[in-house]
Amino acid sequence: MQLIKSQLKLEINISLEECIFAVRPENISLNPAKTDFSLHTNIEQIEYEGKVSLLHLVTPVGERVVVSLASSEIPEEGGQVSIGWSKESAMIFSKSSGEAIRFSI
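Residues numbered from 1 in each chain as written. Predicted model: local features only at pLDDT ≥ 70, side-chain atom pairs only at ≥ 80, totals over all residues. Heavy atoms only, no water.

Colleague: Lay out the pairing of strand β7 (residues 80–85) with the relevant residues and their values.
Modeller: Burial runs high along β7: five of the six residues are buried. Alignment of strand β4 (residues 37–49) against β7, held across six bridges, turns out to be antiparallel. Looking at the pairing, Leu39 lines up with Ile83 of β7. (Buried < 20%, exposed > 50% of the residue type's maximum accessible area, 1.4 Å probe, protein only. Helix = DSSP H or I, 4+ residues; strand = E, 2+ residues; numbered from the N terminus. Pairing = 2+ DSSP bridges.)

Shown next as structure tokens:
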């Protein structure tokens, strides 16, 4: 996420270290062809929840990401997968106040 955070321009004067970057799990795509943001990850764990499964992923620098997918689309646990999402689905919040922060790329 550090690489992604470095691409952002916040509309208020706040350090990126004081921010939380968030994307709802259902807005993340596996192996996207073209997205605004993307990461390569390892599949650490899969939680099957009926029609939907949660993939617990880890980036090469140890950051954790959870993705929600239809259970029919799930790759193998222990494998690698690229994930991506649009800038419209990304959100940034202040760690201290919880306030949403506007940004651009």
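After that view of the structure, there is still more to cover.
Colleague: Quick one: what's the story with the environment of Asp36, residue by residue and with numbers?
Modeller: Residue placement: Asp36 occurs in the loop between β3 (29–30) and β4. Placed 51 residues apart in sequence, Asp36 and Lys87 show a C-alpha to C-alpha distance of 5.7 Å. In this structure the side chain of Asp36 is engaged in a polar contact, spanning 2.7 Å, whose partner is the backbone nitrogen of Lys87. (Polar contact = N/O pair within 3.5 Å; in protein donor to acceptor, adjacent residues only side chain to side chain.)

Colleague: Please provide a residue-by-residue account of the nonpolar core, values included.
Modeller: In this structure, Leu55, Leu57, Val67, Ile83, Trp85 and Ile92 are the most contacted members of the largest nonpolar core, which totals 24 residues. Every element with two or more residues in this core is listed here: β2 (19–23), β4, β5 (52–58), β6 (64–70), β7 and β8 (90–94). With near-sequence residues (within four places) excluded, Ile83 lies in contact with Ile28, Ser29, Leu30, Pro32, Phe37, Ser38, Leu39, Thr41, Leu57, Val65 and Val67. (Core = buried A, V, L, I, M, F, W, Y, C linked by side-chain atoms within 4.5 Å. Contact = heavy atoms within 4.5 Å.)

Colleague: Please set out the sheet that holds β6 residue by residue, giving values where relevant.
Modeller: Spatial strand order, β3-β7-β4-β5-β6: five strands in an open sheet with antiparallel pairing. Here the strands that pair on one side only, and so sit at the sheet edges, are β3 and β6.

Colleague: Go over unusual backbone geometry, please, and point to the residues and values.
Modeller: In this structure, Asn31 takes a positive phi of about 45 degrees despite not being glycine. If you trace the backbone, Asn31 turns up in the loop between β3 and β4.

Colleague: Describe the packing of aromatic side chains, and please don't skip the residues or the numbers.
Modeller: The way to describe two aromatic rings as a pair is by their centre distance and the angle between their planes. Throughout the structure, instances matching the rule amount to three aromatic pairs. Measuring from centroid to centroid gives 6.1 Å for Phe21 and Trp85, while their planes differ by 50 degrees, and the two rings are tilted. Note that Phe21 is positioned in strand β2 and Trp85 in strand β7, a separation of 64 residues in sequence. Neither residue differs from the other here; Phe21 and Trp85 are each classed as buried. Chaining the aromatic ring pairs together yields one cluster made of Phe21, Phe37 and Trp85. (Phe/Tyr/Trp six-rings, centres within 6.5 Å; stacked < 30°, edge-to-face > 60°.)

Colleague: Describe the pattern of salt bridges, naming the residues involved and giving the relevant values.
Modeller: In this structure the tally under the stated criterion is two salt bridges. When the shortest N-O distance is used, the salt bridge between Glu26 and Arg24 registers 2.7 Å. The partly exposed category is assigned to Glu26, whose relative accessible area is 45%. A residue is classified by how much of its surface remains accessible, and Arg24, at 48% relative accessible area, is partly exposed. As a salt-bridge pair, Glu44 and Arg64 come within 2.7 Å of each other at their nearest N and O atoms. You can see Glu44 sitting in strand β4 and its partner Arg64 sitting in strand β6, a full 20 residues away along the chain. (Salt bridge = Lys/Arg side-chain N within 4 Å of Asp/Glu carboxyl O.)

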